[in-house]
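Letter by letter, the chains look like this.
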Amino acid sequence: MFLRFLKFTTSLLLAGGVAAAGVGATYVTKWTRELPDYRELDNLSLGAETRVFARDGTPLGTLVPRIGDQAISRTLVRLDEISPFMTAALISNEDRHFFEHYGLDPYGIARQFRRVAQGEDVQGGSTLTNQLVKNTLLLKEYNQARTPDRKVKEWLLSVQVERAFTKEEILRDYLNAIYWGDGGPVELYGIYSAAQAYFRKTPKQLSLAESAYLTVLVPNPSRYFNYQAMRPLMKVLLKRMVEDGWVTQAQADAAWHENLQPRGWQVKYDAQGNVVSAKLVDRSAKELKAVTTTRAPHFMGQVEQELVRRFGREKVYGSGGLRVYTTLDPKIQNAVETASREARGLPPGATLGAVVIDPYTAEVLGMIGQKIVPGQPLPDWNNAAQGQRQVGSTIKPLLYTTALSTGLDQAHREDDKPIAFPCDTCKGGVYKPQNFEGHTTYRSMTIREALDRSLNLVTVRLADRIGLQTFFTKLRELGIPPNDGTGLAAALGAIETTPVKMAAAYAPFVNGGLYRAPRYITRVTNARGEVLYDAANDLTQAKRVWTPQVAFLGLDMIRGVVNDLTARQGGLAWPAKFGQWPVAGKTGTSNGPKDFWFVGTTPLYTGAVWVGKQQGGEMPTNYYSGLVNAPIWRRMMEIAHAGKTPTQFVQPPGIVYADAPDQNWLPGVKIAMLDPRYKDSSKTPLETDSAAQPVYQETTWTPGPADPRTQLVSLDRTTGRLATEFTPPENIVQRRIAIEDLPAYAPDPNPQPLLDQQPDPQALKAIRTPSTAPAPNTQSAP
């Protein structure tokens, strides 16, 4: 009977063992398939810092990597850049058999099984290789979570890593990857950050006592806050190092008696090296700054975004980091920061954003995203590049210049009288714009005077005349596309964008009509000096948005905004003037008022200043942009231009001047106009062939009553398509076109000479109709 029972029990145990082995094999096979590639350790992103420099080569700081939302500080170092005391202390404390095992320590594993059998918590037992795998290859998947499958994967990967890498390589990577505690704005990873944070030393300079101290922190960095409790652990470690043959007893004794003073602590010792007193006097002393907060933090944030977009996070924070050379000019940055710091008279609760760019390259030279308040930390949010705000009347010069490109001139007249437009989304089904504070002159005036006075009624009439399709196309070319559903209110500033984009949109006034997107980076190399990006080799071409002549006409208009009228005469932007430098620009205020603007330029620099409340909200009605923003703009430009000889705006050929009409309203003002005798040799045969005959017979249409299904546009009579700034004025005719037919009238992006080109039959239909429906009632203040 007993024999049969023994056979049954043995069979049962064998069957159970086979089943367990089968299940275990199944899971091991599954886990093996799920393992990350251990060879990734060769190019592992350990979060190396990327160093950033200004245009003159001076360091701006570093971009620190992040784990989630938390910035981390980690600089990679080689093994020969680390004190041998540090590596010895780490091995004695964390993995005494490191050079004897192949990734798994049988002694450590046995200790864990014993602790589990006795009902105790699992502690230690991991090799340095296990910890390296956990903190790198398995970090994203498990984020330090303790699970059985993570432990099995950790063991499997450790064996693979030990077979593929030398002990020295594993030790180096471990020292660069390990976590050493909270560094304030950053988390401390790697021996370089630890040495800097706790002792302000490089890893090579660490003494034996300092190495023992840092090693005791490894299992629990919060030990920093109880120095008395750490000292016995350090003594045990020094004893182990003597036992393991890493140091002599004399070296250990000298380390014990060293006057060790970790950052933030004041410690007194007796003659035997015991702690007499230890006081934590500064909890923040070991903190390392996230270097993005030291110099030009808002500019650095844009550099980081551009790098990540261009190269990806892995490359930016990869092994060895990058060396980034930027467009920032320290002198201009100082000018912007000084203007922000000295800004006076801001409405209560308001902040600001300001930027200066090079109008000829669109390189961002200086940027600040907040009002600087001495003694207070600078908020992270960058109003200069992140804040999307309604631009108010600063949009008007772009509209007026677009109108000039269709063949109108500065003497063109529109009525400053009430007007209404059909509008499905407006109250009462009509859009009734008003001038700022409701003032109306009830007279016909030149658009030069209308822009000087920033009159909304004239502006909306002008937008309706040239057609919103024409205007919106130009805005898209200038990098500030209109919001969906925006109608005629867009002409008054119902468009949201940032100061840096507005500055870029004004740059074509100065540079002859070329648009370039704002740029922050000139050159990028890796740590070995290999060039990854060079702006000089960037094949992206500038976009011509206006001819040099039309651009100069627009420049002349915003120059008039600053100079035509005094404060008593109703001038809005005169506070922007400084020294002998010519200044051109435009104020702007959105509804509320909420957002104050000034965007302007000199022959050297183009800049924008926004003032408003961070979270939005209305500003006091007794403030306006000319007296708030223009002085801030003037101050940053004064400093930026200091020491430079004043120069004039470059005038292209084909420009003549005439007295402005209505000298009683604009006394002594002269306006720039196109010289009708000037022939631009750069135009295509389509534009210059005076012998070419029109391809269709022009028909004269009477506009008739406004029809909300149509829009007034300017057509090129030779092509039947929308006119552009390159269309000769004598070829432009005004037509109302059905809104649904407008796409057929889009200008040909690649026009052919006239003899090879036939007009689109659809585009030859001239349909009587009126303006589009504008957006909800939006006014624009000067």
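Conventions adopted
- Residues numbered from 1 in each chain as written.
- Predicted model: local features only at pLDDT ≥ 70, side-chain atom pairs only at ≥ 80, totals over all residues.
- Heavy atoms only, no water.
- Helix = DSSP H or I, 4+ residues; strand = E, 2+ residues; numbered from the N terminus.
- Buried < 20%, exposed > 50% of the residue type's maximum accessible area, 1.4 Å probe, protein only.
- Contact = heavy atoms within 4.5 Å.
- Areas by Shrake-Rupley, 256 points an atom, 1.4 Å probe, with all protein chains shown as cover.
- Expected span 1.5 Å × (residues − 1).
- Polar contact = N/O pair within 3.5 Å; in protein donor to acceptor, adjacent residues only side chain to side chain.
- Disulfide = S-S within 2.5 Å.
- Axes fitted to C-alpha atoms, helices over the stretch in contact; angles between N-to-C directions.
- Parallel < 35°, antiparallel > 145°, perpendicular 65-115°, else oblique.
- Left-handed = near helix turned anticlockwise from the far one by under 90°.

**Q** When you look at the overall build of the chain in this model, what are you seeing that I'm missing?
**A** Each helix and strand in the chain was counted, giving 22 helices and 28 strands. Looking at the chain as a whole, 51% of its 782 residues are labelled buried. Look at the contacts in the chain between residues 6 or more apart in sequence, and 71% of them connect residues 24 or more apart. With an accessible surface of roughly 35,500 Å², the chain has 53% of that area assigned to carbon and sulfur atoms.

**Q** Quick question: what am I supposed to make of helix 14 (residues 330-342) here?
**A** Structural remark: α-helix, 3.6 residues per turn; residues separated by three or four positions point the same way. The terminal C-alpha atoms of helix 14, which comprises 13 residues, lie 18 Å apart, in line with the 18 Å expected from a rise of 1.5 Å per residue. Where helix 14 is concerned, the buried positions are Ile332, Gln333, Ala335, Val336, Glu337, Thr338, Ala339 and Ser340. For helix 14, the secondary structure elements touched by its buried residues are strand 10 (350-357), strand 11 (364-368) and helix 21 (625-641). The N-capping residue of helix 14, defined by a side-chain oxygen 2.9 Å from the backbone nitrogen of Lys331, is Asp329.

**Q** Before we go on, may I ask you to explain the state of the cysteines in this structure?
**A** What is meant by a disulfide is a covalent connection between two cysteines, made through their sulfur atoms. Taken as a whole, this structure holds one disulfide when the rule is applied. Between the sulfur of Cys423 and that of Cys426 lies a disulfide, 2.1 Å long from S to S. Every disulfide takes its handedness from the sign of the S-S torsion; for Cys423 and Cys426 that torsion is 70°, giving right-handed. Just as Cys423 is buried, Cys426 falls in that class too.

**Q** Quick question: what am I supposed to make of the packing of helix 15 (residues 396-405) against helix 19 (residues 499-511) here?
**A** Each pair of packed helices can be described by the angle between their axes along with the distance between the axes. Where helix 15 contacts helix 19, the axes come no closer than 10 Å and their chain directions differ by 45°. Relative to helix 19, the element helix 15 lies oblique. The chirality of how helix 15 crosses helix 19 is left-handed. On the side of helix 15, the interface is formed by Pro397, Leu398 and Thr401, while helix 19 contributes Ala505, Tyr506 and Phe509.

**Q** What is the right way to look at unusual backbone geometry in this model?
**A** When glycine is set aside, most residues are seen to have a negative phi, and most peptide bonds are trans. For the bond running from Gly592 to Pro593, omega is 0°, close enough to zero to count as cis. As for its placement among the helices and strands, Pro593 is situated in the loop between strand 22 (584-589) and strand 23 (596-601). At Tyr442, a residue that is not glycine, the phi angle is positive and equals roughly 60°. With respect to the helices and strands, the residue Tyr442 is situated in the loop between strand 15 (430-431) and strand 16 (444-446). Overall, the relative accessible area of 54% leaves Tyr442 in the exposed class. Backbone geometry at Ser454 places phi at a positive 55°, although glycine is not the residue there. When you line up the elements, Ser454 lands in the loop between helix 16 (447-453) and helix 17 (456-466). Look at Ser454 and you get buried, because its relative accessible area is 2%.

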